[in-house]
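Residue-level listing of the chains:
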Amino acid sequence: MKFIIEGEEEIGSANLEAFLAKYSGMMQADFIVLSDTANFDTGIPALTYQLRGICQVDVEVQCLERPVHSGMWGGPVPDPVQILCKLIADLTDEKGALNIPGLYSMVAKTGPQQLSASARCPSRRQVQAGSRDDEGMTLAGEKGFSVYEKLWTRPALTVIAFESRQFQGSSNQIVDTARARLSLRTVPNVDGNKAAALLKKKLTRKAPYGAKSRSRRAAKP
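Residues numbered from 1 in each chain as written. Predicted model: local features only at pLDDT ≥ 70, side-chain atom pairs only at ≥ 80, totals over all residues. Heavy atoms only, no water.

Participant: Quick question: what am I supposed to make of the sheet that holds strand β1 (residues 53–62) here?
Facilitator: As a general point, the strands of a sheet are linked pairwise by backbone hydrogen bonds and lie either parallel or antiparallel. Reading across the sheet, the 4 strands line up as β3-β5-β1-β6 and stay open at both edges, with antiparallel pairing between neighbours. Strand pairing shows two members of the sheet lacking a second neighbour, β3 (156–163) and β6 (212–217), which therefore form its edges. Shown here is a sheet whose adjacent strand axes are inclined to one another by a mean of 20°, direction ignored. Relative to strand β5 (residues 177–186), β3 runs antiparallel, the two being bridged by 7 bridges. Paired with Val 159 across the two strands is Leu 182, which belongs to β5. (Pairing = 2+ DSSP bridges. Helix = DSSP H or I, 4+ residues; strand = E, 2+ residues; numbered from the N terminus. Axes fitted to C-alpha atoms, helices over the stretch in contact; angles between N-to-C directions.)

Participant: Which parts of the structure should I look at to understand unusual backbone geometry?
Facilitator: Negative phi characterises most residues that are not glycine, and trans characterises most peptide bonds. Positive phi, close to 80°, is recorded for Asn 189, a residue that is not glycine. By the element assignment, Asn 189 lies in the loop between β5 and α8 (192–204). Located in the positive-phi region is Tyr 209, a residue other than glycine, with phi close to 60°. Within the secondary structure layout, Tyr 209 lies in the loop between α8 and β6. Its relative accessible area of 65% is what places Tyr 209 among the exposed residues. (Buried < 20%, exposed > 50% of the residue type's maximum accessible area, 1.4 Å probe, protein only.)

Participant: What's the story with the environment of Ala 218 in this structure? I'm lost.
Facilitator: Structurally, Ala 218 is set in the segment after β6. Sequence separation between Ala 218 and Gln 56 is 162 residues; the distance between their C-alpha atoms is 5.2 Å. When near neighbours in sequence (up to four residues on either side) are disregarded, Ala 218 contacts Gln 56, Val 57, Asp 58 and Arg 181. (Contact = heavy atoms within 4.5 Å.)

Participant: Would you take a moment to explain the environment of Leu 16 for this structure?
Facilitator: Mapped onto the elements of the fold, Leu 16 is located in helix α1 (residues 16–22). Along the sequence, Leu 16 and Glu 6 sit 10 residues apart, while their C-alpha atoms lie 7.7 Å from each other. The contact partners of Leu 16, leaving out residues within four places of it in the chain, are Glu 6 and Glu 8.

Participant: What am I meant to see in the side chain of Ser 13 here?
Facilitator: Among the secondary structure elements, Ser 13 is positioned in the segment before α1. According to the relative accessible area criterion, Ser 13 is buried, its value standing at 14%. Excluding residues that lie within four positions of it along the chain, Ser 13 makes contacts with Glu 6 and Glu 8.

Purely spatial values, then, with no claim about function.
Next comes the structure, spelled out in structure tokens:
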């Protein structure tokens, strides 16, 4: 048996690929078991055979060359922070689905066996307990799909970074730019490069008030 203990996963495993290439001969094996997964629940054996992928996209909205005073210019001058918030909010529709044209045409249809197995899993209360939701919170996501379909078979979008102006040192100004990093979880049949391209197209198609909206594929997650 051969063991590889790798501690860079949360920063993108920058050295793992080169390590495996260099020592490929030593790494030959009949099969591979990855231990970086969680057990479903106490008393319920679980075998992880599929994980969602990921692609990340950065988006920046610019309205001004430099910040201006809100007392003098607030009202007619667009606020890039609000515009960016609107662009991000528009990525999800009123039914909880992602509003990224072309994305769902790539999503694989979940088979009846997988649906049947997920239907026998514990209730959503355990999911909320595991994710440590605040009391009174309800679950989000696409309507018409179970909580486990949303977790395992449907794409999901998260804002993992947002920048405009820090609380400390802030003043009564309309800032010139705002930016965010979006993380899109991909599912079977969804190509990460194509998904990122669709997301970039959606974010830069037409920003309100003629603001400059720029987007690029983020560095390797």
